[in-house]
Each structure stands twice: as structure tokens, then as C-alpha cells.
Amino acid sequence: MTFDYLRQSLFFFRTHLSRLALIQIPFLLLITVVQYQLLQGGESAEAARTTSSVFISSALDLALMPIYWGATLLYMQSVLQGQTLSTSQAISLSLACWGRLLLTYILTTLAVSTGLLLLILPGIYISIRLAFAKFYCVIEGKGPMESLRASWASSSEFFWPLLQGLALIFGVLMLAEVMIGQMLSETRILMLALSLLVQFLGVMSSIYAYRIYCVMKEEHKPL
């Protein structure tokens, strides 16, 4: 079952690669360029300036993430509904859910981080149980807390397929980044390019989780 979902997710990714790239890469590139410039300036800067650079970089990432991820989720939904959105339409619609998706991400991150502090495994468990939260938030328009509760309630029976598929996707990406990164370690620009590519390929995890989310919704559809 897991490998069937992975094959279907990979097919979707290949089929819609160009549109997904148009949605995500401009934002990821902007974040990467800003981070690079801040790091360049920070090498010879005082500690206070370095701290400020990290804050600016994190704030930019946090501000833009709900836009391109919201647009990605809305695009995936539109494809399955047979009413495919353009890049600009997806981005424009994502602005309407920016606030609640941002808060959903923050609450999810806090919950997972707390779990990771409790010997790692609870954090992994929590992250899997909250994997549907962003779909409830963006696609069903639920509030942050309601999205987290809905994900926790509905992901229970799909825990193992989610864990297996997401672990495989992230494992492959991390392994590739480490292996290729060792060869590019002396070239900062190439390392940043590799980081950008890995971040973009991370969309596979959302495609996979969304595939299982759709299966869950179909099984729970009222007769």
C-alpha cells in the first residue's frame, strides 16, 4: 500500500513538476538569496548583528512559507477537482489563508518540538498524527486548533502508511543531501543551490500525505 501511494505521488510530482516549481522556487530562491547575503555580511560582523541576521532570515522564511505552501496545497486540490489553477491564481488564493496556516505551522512546530525533547520518538509520533493539519486548514478552511484536532482524530488509522512513506522520502532526501554536500562542501553557492533543490523536493512529502488524506476522506465519506 505504501509503495502504491509513493508511486502515485511520484507520478503526480513528475506530471506537475513545472507548475509546482513555478509556485515554490521563486519564494525559495528569494529566501536562499537573502540568507546568503546575511551570512556573507555576518562572517565579519559582531555577535549582535549576526543574531539580527538570523532573526531577519527566520522571519522572512516564516512570512513566505504560508504563501507558497498554501498555493501548493490549493493547486493540488484543484488538479484533483479537474479545475486546475494557474500559478498566479493559486498564490492569490493562498493569501486568504495566510494567517491561519501560519498559526497552524507554529502550533504544529511547537507540539513536535516538545515531543522531540521527550526522547525523540514522541516528536515523530506527534508529527505524523498532525500531518493532515495543513490540509484541514487550507482546503477545508478550519482554524488552527480545529485543524490540529481534526488531524489527530483522523490520522490514527493511517499512522503506519504515513510514517513509512514520509520516513522513506525524508530519508532519501537527507542521504542525497549529505552525500552530494560532501562533494560540494567547499563551494558555498553550490551548497545553497543544493539546499534549495532539497527544499523544493520536499514537496513530495506533502503530495504523499495529501494522497493519504484523500483516501481517508473517501473512506469517511457519508453514504
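Residues numbered from 1 in each chain as written. Predicted model: local features only at pLDDT ≥ 70, side-chain atom pairs only at ≥ 80, totals over all residues. Heavy atoms only, no water.

### Points about helix α1 (residues 2–15)
Reasoning step 1: Helix length check: α1 (14 residues) gives 20 Å between terminal C-alpha atoms against 20 Å at 1.5 Å per residue, within 8%.
Reasoning step 2: Restricting attention to buried positions, one finds in α1 the residues T2, Y5, L6, S9, F12 and F13. When α1 is viewed along its axis, its buried side chains cluster within an angular range of 125° and face the same direction. Turned more than 90 degrees away from the buried face of α1, the exposed residues are F3, R7, F11 and R14. (Helix = DSSP H or I, 4+ residues; strand = E, 2+ residues; numbered from the N terminus. Expected span 1.5 Å × (residues − 1). Buried < 20%, exposed > 50% of the residue type's maximum accessible area, 1.4 Å probe, protein only. Arc of directions from axis to C-beta.)

### Points about the confidence of the model for the protein chain
Reasoning step 1: Residues at a pLDDT of 70 or more form 93% of the protein chain, whose mean pLDDT is 90.
Reasoning step 2: Per-element averaging of pLDDT across the protein chain places helix α3 (residues 47–80) at the bottom with 85 and helix α7 (residues 133–138) at the top with 97. (pLDDT = per-residue confidence, 0-100.)

### Digging into the side chain of S147
Reasoning step 1: Relative to the elements of secondary structure, S147 occurs in helix α8 (residues 144–154).
Reasoning step 2: Classification of S147 by relative accessible area gives buried; the value is 0%.
Reasoning step 3: The residues contacting S147, other than those within four sequence positions of it, are A133, Y136, C137 and K142. (Contact = heavy atoms within 4.5 Å.)

### Concerning the pattern of salt bridges
A side chain of one charge can pair with a side chain of the opposite charge when the charged atoms of the two come close.
Reasoning step 1: A full pass over the atoms with the stated rule returns three salt bridges.
Reasoning step 2: One salt bridge connects K217 with E140, and the closest N-O pair in it is separated by 2.9 Å. Taken together, the positions of K217 in helix α11 (residues 203–219) and E140 in the loop between α7 and α8 put the pair 77 residues apart, joining distant regions of the chain. (Salt bridge = Lys/Arg side-chain N within 4 Å of Asp/Glu carboxyl O.)

### A closer look at the packing of aromatic side chains
Reasoning step 1: Summed over the entire model, instances satisfying the criterion amount to 12 aromatic pairs.
Reasoning step 2: When the ring of Y125 is compared with that of F159, the centres are 5.1 Å apart and the planes differ by 45°; the resulting orientation is tilted. Here Y125 is found in helix α6 (residues 121–129), whereas its partner F159 is found in helix α9 (residues 159–184), with 34 residues between them in sequence.
Reasoning step 3: Overall, Y125 belongs to the partly exposed group, its relative accessible area being 35%.
Reasoning step 4: An aromatic cluster of at least three residues, connected via ring pairs, comprises F132, F135, Y136, Y210 and Y213.
Reasoning step 5: If you follow R129 out to its NZ or CZ, it ends over the ring of W152, 4.4 Å from the centre. (Phe/Tyr/Trp six-rings, centres within 6.5 Å; stacked < 30°, edge-to-face > 60°. Lys NZ or Arg CZ within 6 Å of the ring centre and 35° of its normal.)

### Details of the packing of α1 against α11
Reasoning step 1: Relative to each other, α1 and α11 sit at 120°, their axes nearing to 9 Å. Viewed along their axes, α1 and α11 adopt a mutual orientation that is oblique. Two packed elements cross with a definite hand, and for α1 against α11 that hand is right-handed. Residues T2, Y5, L6, Q8, S9, L10, F12 and F13 of α1 pack against V203, M204, I207, Y208, R211, I212 and V215 of α11.
Reasoning step 2: The residue makeup of the contact of α1 with α11, split by class, is 11 nonpolar, three polar and one charged. (Axes fitted to C-alpha atoms, helices over the stretch in contact; angles between N-to-C directions. Parallel < 35°, antiparallel > 145°, perpendicular 65-115°, else oblique. Left-handed = near helix turned anticlockwise from the far one by under 90°. Nonpolar A, V, L, I, M, F, W, Y, C, P; charged D, E, K, R; others polar.)

### Let's talk about the side chain of H16
Reasoning step 1: For H16, the position within the fold is in the loop between α1 and α2 (17–42).
Reasoning step 2: Discounting chain neighbours no more than four positions away, the residues touching H16 are Y75 and V79.

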